[in-house]
Each structure stands twice: as C-alpha cells, then as structure tokens.
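Examining the three-dimensional arrangement
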Amino acid sequence: MSVRALIGLTILLCSLSAATPKNVPVPFRDPPSDAVDHVNPLIGNGGDSPNGSGGMIPSTAPPFAMTRWVAQTRENYVSMTPYNYTDTSIHGFQGTHQPAIWMGESGQVVVSPGAGNVRPKFSDRGMTFTHDNEVLSASYYSVKLGAIEGGEIFAEQSATSRVGHLRFTFTNTSAPYVLLEATRASVIGSWNLNNLTYPQGTVTRLYHRPLSTPATNWSGYFCARFDQPFASWGIAQNGTMSHRTSGDGSMLSGYATFAPEHSQINVRVAVSFISVSQARQNLEKEIPDGQSLEETARQTRAAWAEKLDRIKVMGATKDQKETFYTSFFHTLQYPYEQDEYGKYYSGYDDSVHEGVSYTGYSNWDTYRAEWAWLILFAPERDYNEGGWLPMWKNIIGKRALPDLIDTEAYQVGTHADSLVAEAVLKGVTGFDLDTAWEAVYKDATVPPIDDNMTVTCGLSSVYEQKGWVADDIHSESASRTLDYSCECRKCHSHNDDFAVSVLAGLLNKTDEQAFFRYRSMTSPFTIFNSATGFMEAKKADGAWAGPDRGWTEGDDWAYTFDVVHDIPGLIALRGGNASFVDFLDKHFDGGHNDHTNEPSHHIPYLYSLANAASKSQVRVRQVAEKNYNASVTGLSGNEDCGQMSAWYLFSALGFYPVNPVSGEYVVGSPFFDMVSVDFPSSEKQLHIVSPGAPAKPYIHSLSINSRNLEQPILTHDELTRGGVFLFQMRDAPQAWASDLTSATK
C-alpha cells in the first residue's frame, strides 16, 4: 500500500471508529470525538501511595482550568489526592487548585449533598458507592450514592474553568440538603498528619439563593447559586449547627435545606482568587442562569476535542489509545489559568494585576519535555510580578514554597531560563523580548539575598571560589553543583547557562552568548571523577565525598548523564562511543534506570547520540511498557505537572527533546503504524508513517518528505513544516545510525 493510500485509510478509519465510552449517557457524548472517548481519567490514581501510581485525579474541567472538580473520597494535603480509587465512600465534590500532589491545596471548596440530618463533618458524611455506578470522562462525571438515612442520591458533575456545575437527584430519601464547606483543618507538609493548621473563613447568606465565602487572607472566594428555593439555611462550625445567616472562623460550612418535593437540585459554584464579586462575575460569564448541565458538559467536551483530536492514531489497541489520549489529557491540565477576565491575584506581591497569568507548574520537571509539548499543542498559552523567574509557580508561591512543599522534597535549579529560550527559539510570540532577556539575565547573574535559601544554598562559599558546592557544608551538593553554573551566587544550572547563551544568540548579544556558552561547557565537569567515570560530590578541601553523597531525587548513575547540552563532551570523558554504550548498558541492565523520576527521562535516547540508535529504540520501548498502561496504577512515579505523560507522548511519536533548547529531537522508535498530527501553528499536517511498528521496534530507514535521514536527529522546523515522516521498521537491530558491533552486544 502506498503512503498516500495509508494516510487516506487512516483518516477514514479514525472518522468511523469513535468508541462508545462505557455508560456515558448520549447527551454527554456531544460533540463526537474518538480521542476524548479514549480518555480514562482513572489512569494514575490507584494504589496506596499517590507517588507510586501517578498522583492524578479523575477530574472534570476544560484544558488549563483554574479549578478542577472531583469526587472527594479523602481530605487532600501535600502528597495526598482528594480521590483515591481504593476508597468506598464519597464525602462531597471538591473544586481543587492542587496542581501536583507535592504541592498544597489553595482555596478549595467542597459541595456535599445529603438527606435528612445535616452532617458537616467529613467523617460523618461519607456515602457508599461502587465503581460500577460511576461514569467518568474528561467533561462529565456521575455516581450513584447510598444516602445515609436511606434512598439514593444521583450526583452529576461538569465544569468550566472557574465554575463547577453539579446536579443532584434524590430518590426515596429524606428532605434534601446541600452543604458547602468553606474551611477545614489542613495538614502542613506530609510527614506528620497531626501537624494541622486551621484556616479562617466567612460564610454569608446573601439575598435569596447564593452562599458566598471570602477567605480572610489571600484567596479562596466562592459563590454558589441554586436553582431551587431554600426551605432553611444555617451555619456549621466545628460540627455545631446554628440557624444563622453568617459565620466566621475555622472549621466552617454553610448549608441549605430543600422541601422534599424538590427532588433535583442544580448548584453552580464559581471560585475566585480576587473577591466574592469576581466569583459572581465568573459564574455569570461561564455558566449563566438557565444553562443546563448538558450544555456545560458539551462546551467542556468541545474544548478537549479541539486539542485531543489534533492527533489521530492508527495501529493501537484500545488500551494503548487510552494510555495515549489520557497522557495527552494530563499534559493539558498544567499550567492552569490564574487570571479572571483581564486581571489576576498574585501571591508574589499580594495584589491584583491586569493581564493574563498561569500558575501551577514545576520547571524542574516540565522543562524536559512538557514545555516542548505545550509549545507544539498550546502555543497560545510570567515573570513580571515575582521579580525572579520561578522554579515552582503556585498561586501563593514565591521562588520557593517552604510552607507548601516538604522541605526534603525540593529540587535544585530553576530552569525557567530554559523555558524562555526554548519558546523564543521555536517561534512563540506574544511577549516582550526585552523583558524576557532582562528576566533571564537577572536569573543568571544576580545573587540571591540569602545564600541559605533551599534551592540556592552553597553558592556564595566554596562554589564561588572553587566551582563546586561542598558536601561537608551543604546537603544535595553534587546535584547542586550540576544544577548551578554561576557567576556570583545565583542559583542556576549548566543547562540554564546553555539556554541563556541560546537566547543571547537569538537576540544578537554576542558577548553574553560567548560568556554563557563557555561557562555551560566547562562547569558541569568540575565534579567528574575520572578515576571512577562518575560524577561525585566534593568536600570543601577538594576530596571526593563518596558516590552516594549529595544527590537530589537520583543517584550518581542518573546524574552522571545529566549534561544534556554536551553529551559529546561526556562521551569523550567516558572514553568514546563504545565505552559510553557499554556504560549505558550497565546503567539499564544493572537496574539503575529509575523512570519514576525525571533525571532519568532522557537517558534511553543517549544511545542514539553514541552511534547505537538501535539500542535507544529497544530501550525506549522497554521503559514505556514498564511504566505506562491503561490501569488505575498505569503511571509510575507521579505526573509532575505533565512531564511523565509528555515523555510517553513524544516517545510514542518516535522522538524526544533530549536538549530542549537545541531545537532538535533525538529519534527513538515510533509505537504505532501511523499517527497524523495537526499542529495549531502549522498549515500542513504531519503524518508519521511506520508500518508494522507495534511489533517491529527497529528502524531500517527514515525519510522526511522523501529525503533520507542518515542521523537520528530531527529539527523543530522539520517537525512543524509537516508532511510525511516515513519509518521503515524491522524486528531485528538495523544499521541505521548504529554501529552494529556495539549495538548488538
């Protein structure tokens, strides 16, 4: 079959093969979308430990939503999600702003339906359910709940970016009520569950129907609007009920009861980080009075279809399609919208600004591949208010977040420079280049105020004089040394120095380009121990500290490969291609590759840069098969704001951005017979054609629009220009970009 015929057949099959998601009612399947139908929101939610099974939740909201809505089976905190598949009771429906499990919650609201006696306490209000009675999709969720005093409550949910839309149908129950939890006890950190704080709040009944709650400090406003009149209303505080119209303090909820004849109740809950008034405006703009739940879900489903339908896959099983499109779904949840129709609250300076802003991302994780994915599929989508380029951006966070993140879980380096440089390199527009350069240059040259800041400690002592962070003075010294490359005392990585040099070159700043390029190429190897062939921490006097000292979320195996901008330099230090390939074999065969954390993500692709591409091809497949599947535990580690899924998506297409600011992708092994891609910024579709790929991991040849490619490198321009990437696949190692002598050992 010709390539043209195969492309035509693919388009036809994709248009005919829209799967019918299990139990999703017909009104909630509009518009039709095969991609959206293959999203399984439960992937990455099972298991006792969120860190070990993805840390994701089956939420309903559009892409990049400010608030995601989810059934609440637990009270979430750092390293705990609000929904876990192993639980058997639901305690309400939560609007959450927790972007990743290792970040804290901020300004959540919980809506809990019930019947009979009002039960404000989490431990008292749980209603039983089974997964057989759940319907889950990207845009609609429903579940049948066993009412505590008898009967059934059928709960349905959809959402826009800033408004949750819930519908509760009561059958054979006592008189209905709806509770809105404004504040609750919050766990600080993750190690001691008794380390609690009690946020303050206010609940006020305004006019006839809305319940509105402003938090007393930086955030957490909401407005709930019902479609049925109240029979009564009141306040619950620390479990004590009172028939008041307002209340202040901690452990605070408001509730409304309804006459028994009102068996179906719609409630729309708008949130805001600015004010109650802004929450009302958000509600009226996004889900105005009279809009049905079906229409809300249709709009949200259409938003997902617009993104996910840009990729069409042929040659995948149902489970593989669920894994693929759920990964796509995960990557487009972060960063989330922080602005509210032209203005946004910023925790950097505790004030409201005009403009557009996003929050909820982790540069240490996402600079590797998630950012590259967003540039391709969401180029439409902030430095100004913080004064520094952020490392973890959260709604109330500054450059580091000690009160939200366990201090032992910090990563090192900022990597925001890499994001800016990659965006400029790949043609993203819509921001001021002078401001971008000012931010990047400041990040690279200006010292921090306090050298004991968690992400920057050790920079003004031994590092400044000798070039390494001393292990006998500071923790995580080896990782810090690799992630710092600085003049003066500024937190910076050698990869970021390379990114600064790239940006300087794009802006014709030749002196800065030369300075940062030289620094990026020399500093990483100050802790390379030529006697062992590994990176290793050093003490202040220059003595080696030992192979197990000084690492952050990794070890000497992972971090020895962490020189993504100068792999040829690392190969040379390791004795050349053959020796480097042998080193990679020992890394994988010895069980050292830990894909559950990001420092290992690029390593399978390094074979290709040492003339052993066939080994990259099989290693990538092995990593994918081990760490990704369509089960509730089908995502290893935790999602880390989309990075885990971005690795899978790029790998499934057949390439990966090993050095994100190079403008290049290293070829791996495409997983499917054919994938058609419609990039939003490209006029021409890309067709990745690889017949037999599911059973044949090895590449015999690769051509781009009929031009043979001899090296395993694709450029960003080649990718976005579209056309046909034709892979000829085989079931045994091939000579393409490989020295078979070393590749088959």
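See the structure above.
Residues numbered from 1 in each chain as written. Predicted model: local features only at pLDDT ≥ 70, side-chain atom pairs only at ≥ 80, totals over all residues. Heavy atoms only, no water.

**Focus: the overall build of the chain**
Per the secondary structure count, the chain includes 21 helices and 39 strands. For the chain, the residues scored as buried account for 62% of the 745 residues in total. Of the roughly 25800 Å² of accessible surface on the chain, a fraction of 50% belongs to carbon and sulfur atoms. (Helix = DSSP H or I, 4+ residues; strand = E, 2+ residues; numbered from the N terminus. Buried < 20%, exposed > 50% of the residue type's maximum accessible area, 1.4 Å probe, protein only. Areas by Shrake-Rupley, 256 points an atom, 1.4 Å probe, with all protein chains shown as cover.)

**Structural notes on the packing of helix α6 (residues 318–331) against helix α19 (residues 643–653)**
The N-to-C vectors of α6 and α19 enclose an angle of 130°; their axes lie 8 Å apart at closest approach. What the angle tells us is that α6 and α19 run oblique. Handedness of the α6/α19 crossing: left-handed. Packed against α6, whose contacting residues are Gln320, Thr323, Phe324, Ser327, Phe328, His330 and Thr331, the element α19 presents Ser645, Ala646, Tyr648, Leu649, Ala652 and Leu653 at the interface. Among the residues forming the contact of α6 with α19, the class breakdown is seven nonpolar, six polar and no charged. (Axes fitted to C-alpha atoms, helices over the stretch in contact; angles between N-to-C directions. Parallel < 35°, antiparallel > 145°, perpendicular 65-115°, else oblique. Left-handed = near helix turned anticlockwise from the far one by under 90°. Contact = heavy atoms within 4.5 Å. Nonpolar A, V, L, I, M, F, W, Y, C, P; charged D, E, K, R; others polar.)

**Thoughts on the sheet that holds strand β35 (residues 686–689)**
Pairing in this open sheet of six strands is mixed, and the strands run β21-β34-β35-β39-β36-β37 from one edge to the other. Each edge of the open sheet is held by one strand with a lone partner, namely β21 (311–314) and β37 (707–708). Summarising the sheet, strand β36 (residues 698–704) and strand β39 (residues 723–730) pair through six bridges and their orientation is antiparallel. Bridge pairing in β39 links Ser701 to Gln728. (Pairing = 2+ DSSP bridges.)

**Side note on the pattern of salt bridges**
Following the criterion strictly, the structure yields 27 salt bridges and no others. Between Arg125 and Glu181 there is a salt bridge, with its nearest N and O atoms 3.5 Å apart. With a gap of 56 residues between them, Arg125 in helix α3 (residues 122–125) and Glu181 in strand β10 (residues 176–181) connect regions that are remote in the sequence. Given the relative accessible area of 2%, Arg125 is considered buried. Residue Arg619 pairs with Asp589 through a salt bridge whose shortest N-O separation is 3.0 Å. Of this pair, Arg619 sits in helix α18 (residues 613–627) while Asp589 sits in helix α17 (residues 577–589), and the two are 30 residues apart along the sequence. A relative accessible area of 59% places Asp589 in the exposed class. (Salt bridge = Lys/Arg side-chain N within 4 Å of Asp/Glu carboxyl O.)

**So, the pairing of β36**
On any regular strand, side chains alternate: one points to one face of the sheet, the next to the other face. In terms of burial, β36 is a largely internal element, five of the seven residues being buried. Where β36 meets β37, two bridges bridge the pair, whose relative direction is antiparallel. Looking at β37, one finds that Ser703 is bridged to Asn708.

**With respect to the packing of aromatic side chains**
A complete count under the given rule lists 34 aromatic pairs for this structure. With 5.4 Å between their ring centres and 80° between their planes, Phe226 and Phe230 make a pair best called edge-to-face. A relative accessible area of 9% places Phe230 in the buried class. Taking the centre distance of 5.6 Å and the plane angle of 35° together, the rings of Trp437 and Tyr441 count as tilted. Taken together, the residues span about one helical turn, with Trp437 and Tyr441 both in helix α10 (residues 433–445) at a distance of four residues. (Phe/Tyr/Trp six-rings, centres within 6.5 Å; stacked < 30°, edge-to-face > 60°.)

**A look at the environment of Ser53**
Structurally, Ser53 can be placed in the loop between α2 (34–37) and β1 (68–72). Taking C-alpha positions, Ser53 is 8.5 Å from Ile43, a pair spaced 10 residues apart along the chain. Among residues more than four places away in sequence, those in contact with Ser53 are Gly44, Asn45, Gly46, Gly47, Val632, Thr633, Leu635 and Gly637.

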